[in-house]
There are 2 protein chains.
Amino acid sequence: MKIVVDAFGGDNAPLEIIKGSALAEKEYGVNIILCGNEEVIKKCIEENNIHFDNLQIAHAPDVISMEDEPTSLLKAKKNSSMAVAFNELSKGNADAFVSAGSTGAVVVGGTFLVKRIKGVKRPALAAMIPSPDSHFMMMDIGANSECRPEMLLQFGVMASAYLERVEGIKNPTIGLLNIGTEETKGTQLQQEAYELFKNSNLNFIGNVESRELPFGVCNAVITDGYTGNIALKLIEGTALALFSMLKPVFLNNLLTKLSYIFLKKGLRGVKNKMNASEVGGAPLLGTRKPVFKAHGNSDAFAFKNAIHKAMLFAQNDVISTIENSFAEKENV
Amino acid sequence: MKIVVDAFGGDNAPLEIIKGSALAEKEYGVNIILCGNEEVIKKCIEENNIHFDNLQIAHAPDVISMEDEPTSLLKAKKNSSMAVAFNELSKGNADAFVSAGSTGAVVVGGTFLVKRIKGVKRPALAAMIPSPDSHFMMMDIGANSECRPEMLLQFGVMASAYLERVEGIKNPTIGLLNIGTEETKGTQLQQEAYELFKNSNLNFIGNVESRELPFGVCNAVITDGYTGNIALKLIEGTALALFSMLKPVFLNNLLTKLSYIFLKKGLRGVKNKMNASEVGGAPLLGTRKPVFKAHGNSDAFAFKNAIHKAMLFAQNDVISTIENSFAEKENV
């Protein structure tokens, strides 16, 4: 198993990315290809005493930043660490790709460099969102601002395959994000998608209202990329706003200030969980080979976990399951 | 000043609605028309020793419930307390309308019984959402699932007029809910609306991302009714989910349990603030006469405040300001 890593993607690149890759090699026995400026990578490894048993480096002189247009990956930034990593994957030199870099660029690279699975209209990006008891998947969270009903159904099929194969959830429950539970609710998109889901082989639980969404009422909630992106960031923003509303409660008097000392650690845990708004990263689904987007602020530990998910994504036949779903029309 | 009240709308109707109306009469010297079953209203007043100096009752034998189709207001439920209240307003017997009943029915009644202001494409529903420092308006929150760019601009014009006239905010800031701050972000709807807002006389601050939304970064955020409804309920749901995540933090050990005792009151205050997800109620804007939707779970105090807002809505020339905006094309 070989994983190609964009060593210069994410807020803590390259150090935490390289450290996380070394941890993954040690823990899972996986082979790593680090993409990026070879000199900088070697210096970083040396200076920080990072150990790899078996490391490949694919040199890439450039970096694609959050400010760059995602599509620049294909031209102006074709020598960036992310573009080179995508090419390693496409050429068959690696089994899966991981980057903590620009989400938009990951979508562009997945779609145009790795390319779509036959029958897939558009690849879509998932997110794993924390809920009180566990977490749930939301998809699409921004790859496709405007969607057709058939696209939403395909997202559901791909989400289901991934959750079953990688997360080990048998027959995962799938919901459609909507403004009411009745099947006549929402815009034409949701109404037509509801019909398609109802007649599919998915474990469809119906419409999910956003008031219930954060409680994780189904394993995957499907929506268009515009609404998904709004929802993902709103969960994060609301959590942050709420914590700032709680501040005066703790500062109220001497007793509440004292109380805060005992609660500090636990509160920080919840805040961190919600602040990230995503658990560990999530797959881009619909591409011919496994593309995994790690969270932008991943540290070494988080990045190691992202590599682990990418390994499971590659090992557990997610791609062939999706291929088969779209080959046999009756399953879609 | 005369306010017509749907006495049978809302979770706590008729008692809290009638009590709130009596409080409003006493505090603001306003005249109240209560709509609903006359016998039940009289009995409720008598049994609870509620005092009115000057009360009118408009008899309505029926009630429209949350389960009824909103459009039933126009036919099957035309003798409901809400329909009768709308008719009192349309006939000119009252200066403003207040109901804590079905939101959908309020939109239907406003649009088809009170009718639109000339030039207004579609009336839209606002919500006042709590933020750490104050609150902000979001509009539309569900009257129009699908919108055209011109509709969004009109929502902005109406929100601005209301906030200036009723809330006393000079030149209120208006933002467009979107998935990024750049003007090229979002779907065609947001992109085209951005152009219209940019060239309007509104105090337009550009796109607002949902991560910033709960902090109240502008006085009014404009969106289509589908996204607005998703966002409104998601803020509420996320707050509730977060409180359930905090529970184990407080139950962790003896010291944290003790701490909870000192924080309980303050925490409950924040929870209640967020639980309602809306402050006091909000106007339906774009109708020929003032229509105000009180929060469904209004108690007497909240309903009294809703009547006060409806009075300001009627007194402060919101309707004529909107009329003038749409009469003078250059202001839109």
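None of these values were measured; they are calculated from a predicted model. (Residues numbered from 1 in each chain as written. Chains lettered and ligands numbered in written order. Predicted model: local features only at pLDDT ≥ 70, side-chain atom pairs only at ≥ 80, totals over all residues. Heavy atoms only, no water.)

A. Quick peek at the environment of Leu-284 of chain B. All names here are of chain B. Along the chain, the position of Leu-284 falls in strand β10 (residues 281-285). Given a relative accessible area of 0%, Leu-284 falls into the buried group. Sequence separation between Leu-284 and Thr-223 is 61 residues, and the spatial gap between their C-alpha atoms is 15 Å. (Helix = DSSP H or I, 4+ residues; strand = E, 2+ residues; numbered from the N terminus. Buried < 20%, exposed > 50% of the residue type's maximum accessible area, 1.4 Å probe, protein only.)

B. Here's a closer look at the interface of chain A and chain B. In this complex, chain A contributes 49 residues to the contact, which on the side of chain B involves 49 residues. Here chain A packs against chain B, burying approximately 4700 Å² in sum over the two surfaces, 77% of which is carbon and sulfur. The largest share of the area that chain A buries against chain B comes from Arg-211, Tyr-226 and Met-245 of chain A, three residues that together contribute 15% of it. Where chain A packs against chain B, one counts four salt bridges. (Contact = heavy atoms within 4.5 Å. Buried area = accessible area lost by both parts, 1.4 Å probe. Salt bridge = Lys/Arg side-chain N within 4 Å of Asp/Glu carboxyl O.)

C. Local environment of the relation of the copies chain A and chain B. Overlay of chain A on chain B (RMSD 0.0 Å): rotation 180 degrees, translation along the axis 0.0 Å. The relationship between the two copies is best expressed as a two-fold rotation axis. Nearest to the rotation axis, the C-alpha of Ser-259 of chain A is located 2.2 Å from it, this being the minimum over chain A. Interface overlap between copies is the fraction of interface residues in one copy that are interface residues in the other; for chain A against chain B it reaches 100%, indicating a shared surface. (Least-squares fit on C-alpha atoms with pLDDT ≥ 70 in both.)

D. Looking closely at the packing of aromatic side chains. Residue and element names in this part refer to chain B. Scanning the model with the defined rule gives 10 aromatic pairs over all chains in all. For the pair Tyr-162 and Phe-313, a centre-to-centre distance of 5.3 Å together with 90 degrees between the ring planes defines the contact as edge-to-face. Taken together, the positions of Tyr-162 in helix α5 (residues 149-165) and Phe-313 in helix α9 (residues 300-315) put the pair 151 residues apart, joining distant regions of the chain. We note that Tyr-162, like Phe-313, is buried. Judged by centre distance (5.1 Å) and plane angle (50 degrees), the rings of Phe-250 and Tyr-260 are tilted. (Phe/Tyr/Trp six-rings, centres within 6.5 Å; stacked < 30°, edge-to-face > 60°.)

E. A look at the side chain of Lys-77 of chain B. All names here are of chain B. Position of Lys-77 relative to the elements: it lies in the loop between β3 (55-59) and α3 (81-90). A relative accessible area of 16% means that Lys-77 is categorised as buried. In terms of polar contacts, Lys-77 uses its side chain to reach the backbone carbonyl oxygen of Val-63, at 3.0 Å. Setting aside residues no more than four positions away along its own chain, Lys-77 makes contact with Asp-62, Val-63, Ile-64, Asp-68, Ser-72 and Ala-83. (Polar contact = N/O pair within 3.5 Å; in protein donor to acceptor, adjacent residues only side chain to side chain.)

F. Quick peek at the nonpolar core. In terms of nonpolar packing, the biggest core is built from 102 residues, with Met-138 and Leu-213 of chain A together with Met-138 and Leu-213 of chain B touching the most fellow members. Discounting chain neighbours no more than four positions away, the residues touching Met-138 of chain A are Leu-125, Ala-126, Ala-127, Ile-129, Leu-213, Val-221, Thr-223, Gly-228, Ala-231 and Leu-232 of chain A. (Core = buried A, V, L, I, M, F, W, Y, C linked by side-chain atoms within 4.5 Å.)

G. Inspection of the packing of α3 of chain B against helix α4 (residues 103-114) of chain B at higher detail. Residue and element names in this part refer to chain B. Where α3 meets α4, the closest approach of the two axes is 10 Å, and the angle between their N-to-C directions is 35 degrees. Considering how the two elements wind past one another, α3 and α4 form a crossing that is right-handed. Contacts from Met-82, Ala-83, Phe-86, Asn-87, Leu-89 and Ser-90 in α3 reach Ala-105, Val-106, Gly-109, Gly-110, Leu-113 and Val-114 in α4. Here the residues of the contact of α3 with α4 sort into eight nonpolar, four polar and no charged. (Axes fitted to C-alpha atoms, helices over the stretch in contact; angles between N-to-C directions. Left-handed = near helix turned anticlockwise from the far one by under 90°. Nonpolar A, V, L, I, M, F, W, Y, C, P; charged D, E, K, R; others polar.)

H. Expanded view of a nonpolar patch on the surface. On the surface, Leu-255, Leu-258, Ile-261 and Phe-262 of chain A together with Leu-255, Leu-258, Ile-261 and Phe-262 of chain B cluster together into a nonpolar patch covering about 730 Å² of accessible area. Sorting the residues of the nonpolar patch by element identifies α8 (254-276) of chain A together with α8 (254-276) of chain B as the ones contributing at least two each. The class for Leu-255 of chain A is partly exposed, based on a relative accessible area of 41%. (Patch = residues over 30% accessible without salt bridge, like charges linked within 9 Å, V, L, I, M, F, W, Y side chains within 5 Å. Areas by Shrake-Rupley, 256 points an atom, 1.4 Å probe, with all protein chains shown as cover.)

I. Quick look at the environment of Ala-327 of chain B. Within the element layout of this structure, Ala-327 of chain B appears in helix α10 (residues 318-327). When the C-alpha positions of Ala-327 of chain B and Lys-118 of chain B are compared, they lie 8.0 Å apart, and in sequence the two are 209 residues distant.

J. The pairing of strand β11 (residues 291-294) of chain A, seen in detail. Residue and element names in this part refer to chain A. Here β11 shows no split at all, with Val-291 and Lys-293 on one side and Phe-292 and Ala-294 on the other all buried. Relative to β11, strand β4 (residues 96-99) is paired through three bridges, and the arrangement is parallel. Bridge pairing links Phe-97 to Val-291 in β11. Alignment of strand β10 (residues 281-285) against β11, held across four bridges, turns out to be antiparallel. Bridging from a neighbouring strand, Pro-283 pairs with Phe-292 of β11. The hairpin turn running from β10 into β11, its antiparallel successor, is five residues long, and Gly-286 in that turn takes a positive phi close to 115 degrees. (Pairing = 2+ DSSP bridges.)

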